[in-house]
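# Understanding the architecture of this molecule
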Amino acid sequence: MSELSVNHLLGIKYLKASDVDLIFETADHFKEVINRPIKKVPSLRDITIANLFFENSTRTKLSFELAEKRLSADVINFSASQSSVKKGETLIDTVNNILSMKVDMVVMRHPNPGAGVFLSNHINASIVNAGDGAHEHPTQALLDSYSIREKLGEVKGKNVVIVGDILHSRVALSNIYALQLQGANVMVCGPKTLLPKYIDKLGVKVETNLRKALEWCDVANMLRVQNERMDINYFPSTREYSQQFGVNKALLNSLNKEVVIMHPGPINRGVEITSDVADSDQAIILDQVQNGVAVRMAVIYLLASKIKQ
Amino acid sequence: MSHKALLSAKEVNIILHRLACQLIENHHDFKNTVLIGLQPRGTFLAERLAQILEQDYKVKNIKLGFLDITFYRDDFRRGEKILEANTTQINFLVEDKNVVFIDDVLYTGRSIRAALTAIQSFGRPKEIELLTLIDRRFSRHLPIQPNYRGRQVDAINEEKVKVKWIENDGEDAVYLIKN
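Residues numbered from 1 in each chain as written. Chains lettered and ligands numbered in written order. Predicted model: local features only at pLDDT ≥ 70, side-chain atom pairs only at ≥ 80, totals over all residues. Heavy atoms only, no water.

Per an unreviewed UniProt entry, chain A is named Aspartate carbamoyltransferase, and its organism is Mangrovimonas cancribranchiae. Regarding chain A, the UniProt comment filed under Function (unreviewed entry) reads as follows: "Catalyzes the condensation of carbamoyl phosphate and aspartate to form carbamoyl aspartate and inorganic phosphate, the committed step in the de novo pyrimidine nucleotide biosynthesis pathway." Quoted straight from UniProt, the Catalytic activity (unreviewed entry) entry for chain A says "carbamoyl phosphate + L-aspartate = N-carbamoyl-L-aspartate + phosphate + H(+)". (UniProt positions renumbered as here; feature names shortened; annotations may be inferred.)

Here it is in structure tokens:
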């Protein structure tokens, strides 16, 4: 086993294919660990990790916290809504104050794209980007690819379509980078208004017809419509969106193959996918959640191994 | 670098049979006993012993597992070497069982300390024993001794004891390597 080529996980853009392989190989071991009667290992008992969430999160925060605790790290949590950020403190001052409490690693979610990169240039701790605005969400992309690898054997050569709100999605960008790094063919599909201009420059296929996209793909990653990020109306109504870009059982059954359905959550049931699809065998949504803990354990473990004593 | 042969293939074979007989004396039909090879190199010894027990001594249904101790080691972030994980395969219960740890070389005892912690993640064994092919005495950092040993070796710290297995290294042999 080698080591990661990076000291921080700021985005998939900064990783090499060998880094992804190493993370997945390590995650395989942790997946075995979290299925034991006692799901905890003592590796990181001398590491302190601060989870800094400047933006709301449920599953990512829980997943990181669980991963950290299963590695026996000490964990402190911070959410912007209850902090001095409201009093006008800068990001660097906030983080430096936390670091002066001898914190070794920072897991940060921030509404501004590039917040993690900015911080990595100013502080010494190892940084894991848990989502920066509409930019990247690297651990989500890693767990998505890991889940595809688990379900289909490998990612290379597979056709993956990312459906929905590409414009506001950090999951989409990180997934595009991660899937391409591993040799998958990537397509984005959604209403024209939610597809960024020049997205094809990233080397992805672009499609606005969901049926055509589903006929092409092995895996469909359904994104949530991020109403909270929309400042204007990008489509006439949720009902119309659902009719054109929602996946239901009848549509899947009409295809001559089985498409793997993924969703990073939280699901708007009946909008992106119907309940009968979300709860079907074709959906690996709960596998993604379980794999998220193993993949995050792997990322934290590998980054922690690079922190000098 | 010089290699001094400590054990030949024939001597390794004799020792393996002696160790197998000692295990039978204490564990009879192995009904409540499980063998756990410690990853990475204890697995070869464990597989070989299980094979001898089954084929030569007709012991049935040997339970053999492999335990990786990487995440339980006490030298994480303390050395230059990256800790490399291996696969753990324990497809049976260890709860209330007699567990025999099997490793090729016992040196400082730290790996066994980690294994004692790691096995608890799978349940509470009734008792745990240790079998090693080579016991490097006078080099222990912890109060750990084997219940079954193939050969005791005196080696100074700069020297390395390397156990080779035909499945992996093309020969059965034990060497003392001096830099």
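Moving on, there is more to tell.
Scanning the model with the defined rule gives eight aromatic pairs over all chains in all. Ring geometry for A:Phe30 and B:Phe71: centres 4.2 Å apart, planes at 20 degrees, overall stacked. Within this pair, whereas A:Phe30 is found in helix α1 (residues 17–33), its partner B:Phe71 is found in the loop between β3 (63–67) and β4 (98–106), the two belonging to separate chains. Each of the two residues, A:Phe30 as well as B:Phe71, counts as buried. Judged by centre distance (5.7 Å) and plane angle (35 degrees), the ring pair of A:Tyr241 and A:Phe245 falls under tilted. Here the residue A:Tyr241 and the residue A:Phe245 both occupy positions in helix α8 (residues 238–245), the gap between them amounting to four residues, near one helical turn. Assessed through its relative accessible area of 5%, A:Phe245 is described here as buried. Taken together, the ring pairs in this structure connect A:Phe30, A:Tyr301, B:Phe71 and B:Phe76 into an aromatic cluster. Here the guanidinium or amino end of A:Arg296 rests over the ring plane of A:Phe64, the centre of that ring lying 4.8 Å away. The cationic tip of B:Arg136 hangs over the ring face of B:Tyr107; the distance from NZ or CZ to the ring centre is 4.1 Å. (Phe/Tyr/Trp six-rings, centres within 6.5 Å; stacked < 30°, edge-to-face > 60°. Helix = DSSP H or I, 4+ residues; strand = E, 2+ residues; numbered from the N terminus. Buried < 20%, exposed > 50% of the residue type's maximum accessible area, 1.4 Å probe, protein only. Lys NZ or Arg CZ within 6 Å of the ring centre and 35° of its normal.)

Between chain B and chain A, the residue contacts involve 18 residues of the former and 24 residues of the latter. Summing both partners gives a buried area of about 2,000 Å² for chain B against chain A, and 55% of it is carried by carbon and sulfur. Put simply, B:Arg77 and A:Asp46 hold a salt bridge, and the shortest N to O gap is 2.9 Å. Summed over the shared surface of chain B and chain A, the result is eight residue pairs in polar contact (both at pLDDT 80 or more). Considering only residue class, the side of chain B that touches chain A consists of seven nonpolar, six polar and five charged. (Contact = heavy atoms within 4.5 Å. Buried area = accessible area lost by both parts, 1.4 Å probe. Salt bridge = Lys/Arg side-chain N within 4 Å of Asp/Glu carboxyl O. Polar contact = N/O pair within 3.5 Å; in protein donor to acceptor, adjacent residues only side chain to side chain. Nonpolar A, V, L, I, M, F, W, Y, C, P; charged D, E, K, R; others polar.)

Attention now moves to the confidence of the model for chain B. The predicted model of chain B has a mean per-residue pLDDT of 93, with 98% of residues at 70 or higher. ipTM for the predicted complex: 0.82, alongside a pTM of 0.90. (pLDDT = per-residue confidence, 0-100.)

Okay, the sheet that holds strand β1 (residues 48–53) of chain A next. Two pairing modes exist for strands in a sheet, parallel and antiparallel, and in both the strands are linked by backbone hydrogen bonds. All names here are of chain A. Pairing in this open sheet of four strands is parallel, and the strands run β2-β1-β3-β4 from one edge to the other. Strands at the two margins of the open sheet, each flanked by one partner only, are β2 (74–79) and β4 (126–132). In this sheet, adjacent strand axes meet at a mean angle of 15 degrees when their direction is disregarded. Bridge count for strand β3 (residues 105–110) against β4 is five bridges, and the pairing is parallel. For His-110, the partnering residue across the bridge sits in β4 and is Asp-132. Packing of helix α2 (residues 59–70) onto the sheet brings it into contact with β1, β2, β3 and β4, and relative to β2 it is tilted by some 160 degrees. (Pairing = 2+ DSSP bridges. Axes fitted to C-alpha atoms, helices over the stretch in contact; angles between N-to-C directions.)

Attention now goes to the side chain of A:Ser305. Its location among the elements puts A:Ser305 in the segment after α11 (285–304). Judged by relative accessible area, which is 17%, A:Ser305 ranks as buried. Excluding residues that lie within four positions of it along the chain, A:Ser305 makes contacts with B:Phe76 and B:Arg77.

So, about helix α6 (residues 170–181) of chain A. All names here are of chain A. Relative to the 16 Å expected for 12 residues at 1.5 Å per residue, α6 spans 17 Å between its end C-alpha atoms, a close match to the ideal helical length. Along α6, nine of the 12 residues are buried, which leaves the element largely enclosed by surrounding structure. Against β3, β4, α5 (138–152), β5 (159–163), β6 (185–189) and β8 (219–222) lie the buried residues of α6. For α6, the side-chain oxygen to backbone nitrogen distance between the N-cap and Val-171 is 3.2 Å, and the N-cap itself is Ser-169. Positive backbone phi, approximately 85 degrees, marks Gly-183, located one or two places after α6. (Expected span 1.5 Å × (residues − 1).)

Residues and elements named next belong to chain A. With respect to topology, five strands assemble into an open sheet ordered β7-β6-β5-β8-β9, the strand pairing being parallel. The open sheet has two free edges, formed respectively by β7 (205–207) and β9 (260–262), since each of these has just one partner strand. On average, adjacent strands in this sheet sit at an angle of 20 degrees to one another, irrespective of strand direction. Inspection of the sheet shows β5 paired to β6 by five bridges, in the parallel sense. Bridging across to β6, Val-163 finds its partner in Cys-189. Sitting on the sheet, α5 is in contact with β5, β8 and β9, with an inclination near 160 degrees to β9.

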